[in-house]
Structures are given as C-alpha cells and as structure tokens.
Amino acid sequence: MNDADVRFYTSILLRRSPYLLAITAAALAIAVTVALVLPPVYRASARILVEAPQIPTDLARSTVPIQAVQQLQIIRQEITTREDLLALADKLGIYAQGKERPTDEDIVDDMRSRIAFEEDDLGAPDGGLGTSVFSVAFAAAEPGLAAKVANELVDLILFKQQQQRTDRAADTLQFFNQEVGRLGSDLNRIEAEILRFKNQNADTLPESLDFRRNQQTSQQERLISLEREETDLLGKRSNLAESYALTGQLSDGEAATPEQQMLLQLNRALADQLAVFSEASPNIVALRTRIASLQERLRVRQAQEVHPSSKKKGHSTFDLQLSYIDERLQAIAREKATITESIGALTKSITATPASETALNSLERNRANLQTQYNAAIARRAEALMGQQIEKRSDGGRVSVLERATPPNSPESPKRRRIAVMGAVGGMGVAVAFVTLLEFFNGTIRRPVELARLLGHKPIATIPYIPKPEEYRFPIRRTLAAVLSATAVAAFLIAVQFFHLPLSTAAEKAYRWLTILG
C-alpha cells in the first residue's frame, strides 16, 4: 500500500466521519441506557467448613458410610427441589413485594438461577480425608435480602446434614436391635427343638451309642450263658429221672441236694467267668448274688430238715431236685425272654441312632450358624451404638459455619462501565462496517487507478476535483457537529456514571450542549 492509497482511505474516513460518530454515539447511548435501566443485583455468600472425622477411624468408626462432602452435595440437590424452594420463598417473602405473585414454575426457575454453590477442597497432608469449604451464595435486588436468604440456606443445610446423619445412625442401631431380637428368638426356638428332640429320642442319641453296644454285648453273653445252663439242667434232669426210674433211688454221686449241686455249678461258673471278666462285670455281680442267695436257702433248709425213713427221704430228695431244676428252668426261660427283649430294644435303638444323629447334627448346625450370626449382630450393634454417639457429638464429619453472609456494599451486576465500553466498541465496529458497505456499492471514479482500470489505458495526466469554498465549510461543519455531539454524550455518561448526578440534571446539561451546537 503506497502513500496515495493511505491518503485515499484517510479521506474516506474523514468524509464518512459523521456516520462513524453518529453510529458510535447511538450505540454508546443505547448501551448506557441499558446499563442504567438494568436493576442492580447484590450477591451475598456464606461459607461452610467441612472437616474430617474428629475421632480416628481405626479407633471408632461412624456407622454413616457417606462422607460429609458427598452428603452436602446430596443436600444441595434436596434444597433445590420444587417444594423446598417454594417454602423458602414464602417463608422469607422474596416475591411478596411485587404487584402480583409469579407462578410457581417461574419462582422455582428464578430461585435456582439465583442460588450458587462452590466447593474448595483444601486437601489433607497425610493423604486421608481432607477439609473442604463450601460457599453458598444468593443474588437479590436488595443486599439485606441476599444475605438473609444465604444465611437461611446455610442453616437449612446444617439442619438437614445433622438430621440425616443422626437419623441414619439411629436407623442402623434400630436395625441391629431388631436383628439381635430376631436371632435371639430363633436361637431360643432351635435350642428348644434340640431339647425336645433329645427327650423324645433319648434311647437313640449318639452319645450313648458305645454304652448301648457294650450293654448289648453283655446281654448276648448272658444269653449264651443261660442257654448253656439250660442245656446242662435239661441233661441233668433227664439223667436223674432215668436213674431213679431204673433203681428207685439216687446214685451215690447224687447224694447231695440240688441246691448243693447248683451251688457247685455256680462256683465253677464263677471261676470260669473271673478268668474273662473283672469283678465289676455285670455277669460276675449276678453270679455272686445268686451264690449268696442259694447259700442262704441251704442254711434255711438245713435248719428245718426233718429225719424221715430212708425210702421217704430218697423220694423227697428226688422230688426236691426235680422241683429245683424245673424252677431254675422256668427262671432261665423268663430271664432269656427278658434278655431277648432287651437285646431287641438295644438293636432297634442302635439301628435308629444314625438317623437320630443326622437330625441332631442338622439342628446343632443350625444352632451354630444362628449363634455365629447372633454374636456378629451383638458386635455390630455395639458398633452402631458407638456410631450413634459419634454422630450425636458431630464427630463423624463436622460441618460448621465458617463465615455467615453479610449484606454487600456494592452490586455485583450490572457492570455499567463494561456495558458502556462494549457499546462504544460495538458501535465503532458497526459504523466501520456501514461505511465499508457504502464504499463497496459506490461506483464513482475517484482515483487515477480506477480511471485507468475503466478505460483500459493509462492516462497521460489526471486533473483532481477542486471544490468551491462553501463545499469546504459544509463537511467541516457537519464533522464538527458530530464531534461535539459525541462529546456531549460522553459528558452525559461521565456525569451519570462517575459523578453520580441525577438523571434529570445530566439530561438537562446534555440538552443545553446540543442546543448550543445547533
């Protein structure tokens, strides 16, 4: 670009300067008007301090699993619900000063747009749970109302936070109390079932299985002994009857009484049994009892014995021996029946023991499981009780007010200076674009270059247009009027913004300036 082009474009800007100044001044005036019309907005904020648990978690742990920071984020969503926002607006009368109350939907949307939450994590030096600071802000047309609503939001957050944590701790404790009661009832019920089962199946319990097996073995041995004795007695009775039938008298070997013979047999049997069993064996005890009883009977008979004739005495001895053998056979038969019945009962109980053991093991296994659950519930109930005490003392995650909201001294918005500057810059941009558009559609030949492009030949010389003297004055006067108008608008803005003059006074001064210029 050469000097001729620079002079050409500079002349265009000077010639179009009234448009530039007028558009810029209009845009600036509109921006200032908007900045003045917009109502002031005051923002008050309060800060909440969220601290880590006061008691180390390895010593005592809170039963509320959620951290205080996460809980505040949840409460943030709760207090911005429709019901809570409408209740807060009605409580503080935020929309009571208007001519007519907005709809509920408008109130909820407006309240949500005014409330702001910010979180600043301060961290923790040891890498544990750190400390955070929450800022709660509210925007309103009045500074007092903004501070009042912000403090009310803080109080609501603290109330909900403490209520939720204590309620959760109480619910946890109540749950474990119910679990302990339920498990205790189940434990008592299954213990009663075990006791009832043991009483009903006392003969088939696995604890007495070895005793019953030993008893069965002893009864079987006793049965074998009785059968052997029965066989011996039957043989002896047969021999005795045969000998007496042939000779009419007892043999010399049978001169003793049956009681004496039985006593000899019992003594021999006792000697044989002692070689196998101990003195405490039921068989040995039974043999000694029978021997003592038989000895007592012999002493009684010897004291009452009468001395008849030899034939009558032999007959009486034979009858006595047969009678004794028959009585003994009957006693053996009765004892065998009793032992057989006892062995059958023992066999039945031993056979039924595995089923009883299986059922008892199932009941005891259920009792062991319930006992484990009951002990765990007792331990957890103690932890829940400790957690409830921690939450009542606010040691599980302390939340406190670090700084309450105070009425702000200056509005946060609108930024009037910024709006004015942006209006001026925007007006200049629109003015430049407008002038550029005018020059784009202007087909007048104003430079030798344009003339040469139109003719297709380079002219020998060009004679510029020489304006008349009055033509110089008219653009200069228009330009001066536009500059002075912009100066008046700038003075108006300065008077309103920087010197805080009333709008009527500033408008009056601007009008005087325009009158003088006109």
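This is a predicted model, so every value here is computed, not measured.

## Some words on the nonpolar core
Move 1: Among the nonpolar cores identified, the biggest contains 33 residues, and Ile94, Met111, Phe138, Val149 and Ile157 are the most heavily contacted of them.
Move 2: Elements with a minimum of two residues in this core: β1 (42-50), α3 (68-79), α4 (82-92), α5 (104-114), β2 (115-123), β3 (131-140) and α6 (143-200).
Move 3: At eight residues, the largest contribution of residues to this core is made by α6.
Move 4: Met111 has contacts with Leu85, Leu88, Ile94, Tyr95 and Phe138, leaving out every residue within four places of it along the chain.
Move 5: In terms of nonpolar packing, the next biggest core, distinct from the first, is built from 18 residues, Leu223, Leu263, Tyr324 and Leu329 among them.

## Concerning the packing of helix α2 (residues 17-37) against helix α11 (residues 416-441)
Move 1: Contact geometry for α2 and α11: axes closest at 7 Å, N-to-C directions at 150°. Taken together, the axis directions place α2 and α11 in an arrangement best described as roughly antiparallel. Classified by chirality, the crossing of α11 by α2 is right-handed. Contacts from Tyr19, Leu20, Ile23, Thr24, Ala27, Leu28, Ala31, Val32, Ala35 and Leu36 of α2 reach α11 at Arg416, Ile419, Ala420, Gly423, Ala424, Gly427, Met428, Val430, Ala431, Val432, Phe434 and Val435.
Move 2: Class assignment of the residues belonging to the contact of α2 with α11 gives a composition of 18 nonpolar, three polar and one charged.

## Re the environment of Phe318
Move 1: Within the secondary structure layout, Phe318 lies in helix α10 (residues 310-392).
Move 2: Through-space distance from the C-alpha of Phe318 to that of Ala241 is 8.4 Å; in sequence the pair is 77 residues apart.

## Points about the pattern of salt bridges
Move 1: Applying the stated criterion to the full structure yields 16 salt bridges.
Move 2: A salt bridge links Glu105 to Arg82; its shortest N-O distance comes to 2.5 Å. In this pair, Glu105 is assigned in helix α5 and Arg82 in helix α4, connecting sequence segments 23 residues apart.
Move 3: When its relative accessible area of 44% is taken as the criterion, Glu105 is described as partly exposed.
Move 4: As a salt-bridge pair, Arg182 and Glu179 come within 2.8 Å of each other at their nearest N and O atoms. With Arg182 and Glu179 both in helix α6 and three residues apart, this pair spans about one turn of that helix.

## Description of the environment of Ala147
Move 1: Here Ala147 is to be found in helix α6.
Move 2: The sequence separation of Ala147 and Pro408 amounts to 261 residues, and the corresponding C-alpha distance is 7.8 Å.
Move 3: If sequence neighbours within four positions are ignored, Ala147 has contacts with Ala44, Ala405, Thr406 and Pro407.

## Some thoughts on a nonpolar patch on the surface
Move 1: A cluster of nonpolar side chains, Ile30, Val34 and Leu38, forms an exposed patch at the surface whose accessible area comes to about 250 Å².
Move 2: By the element assignment, Leu38 lies in the loop between α2 and β1.

## Notes on the confidence of the model for the protein
Move 1: With 70% of its residues at a pLDDT of 70 or more, the protein has an overall mean of 76.
Move 2: The least confident element of the protein is helix α14 (residues 503-517), whose mean pLDDT is 49; the most confident is α5, at 89.
Move 3: This stretch, residues 252-256, has a pLDDT under 50; its non-local contacts, to residues over four places away or in other chains, come to six contacts.
Move 4: Low confidence marks residues 306-315, where pLDDT is under 50. Its contacts with residues over four positions away, or in another chain, come to four contacts.

## Examining the pairing of β1
Move 1: Looking at chain direction, β1 and β3 are connected through nine bridges and run antiparallel. Bridge pairing links Arg43 to Ala139 in β3.
Move 2: Where β1 and strand β4 (residues 399-403) come together, four bridges link them in antiparallel fashion. Within β4, the position partnered with Arg47 by the bridge is Glu403.

## So, α4
Move 1: Of the residues making up α4, those classed as buried are Leu85, Leu86, Leu88, Ala89 and Leu92. Angular distribution of buried residues about the axis of α4 spans 160°; they occupy a single face of the element. With respect to the buried face of α4, the exposed residues turned more than 90 degrees away are Glu83, Asp90 and Lys91.
Move 2: Directly beyond the C-terminal end of α4, a positive phi value near 60° is found at Gly93.

## What to know about the packing of aromatic side chains
Move 1: Overall, the coordinates contain one aromatic pair when judged by the stated rule.
Move 2: Aromatic side chains Phe175 and Phe176 sit 5.3 Å apart centroid to centroid with 70° between the ring planes, which places their arrangement in the edge-to-face category.
Move 3: According to the relative accessible area criterion, Phe175 is partly exposed, its value standing at 44%.

Reading the values: the criteria
Residues numbered from 1 in each chain as written. Predicted model: local features only at pLDDT ≥ 70, side-chain atom pairs only at ≥ 80, totals over all residues. Heavy atoms only, no water. Core = buried A, V, L, I, M, F, W, Y, C linked by side-chain atoms within 4.5 Å. Buried < 20%, exposed > 50% of the residue type's maximum accessible area, 1.4 Å probe, protein only. Helix = DSSP H or I, 4+ residues; strand = E, 2+ residues; numbered from the N terminus. Contact = heavy atoms within 4.5 Å. Axes fitted to C-alpha atoms, helices over the stretch in contact; angles between N-to-C directions. Parallel < 35°, antiparallel > 145°, perpendicular 65-115°, else oblique. Left-handed = near helix turned anticlockwise from the far one by under 90°. Nonpolar A, V, L, I, M, F, W, Y, C, P; charged D, E, K, R; others polar. Salt bridge = Lys/Arg side-chain N within 4 Å of Asp/Glu carboxyl O. Patch = residues over 30% accessible without salt bridge, like charges linked within 9 Å, V, L, I, M, F, W, Y side chains within 5 Å. Areas by Shrake-Rupley, 256 points an atom, 1.4 Å probe, with all protein chains shown as cover. pLDDT = per-residue confidence, 0-100. Pairing = 2+ DSSP bridges. Arc of directions from axis to C-beta. Phe/Tyr/Trp six-rings, centres within 6.5 Å; stacked < 30°, edge-to-face > 60°.

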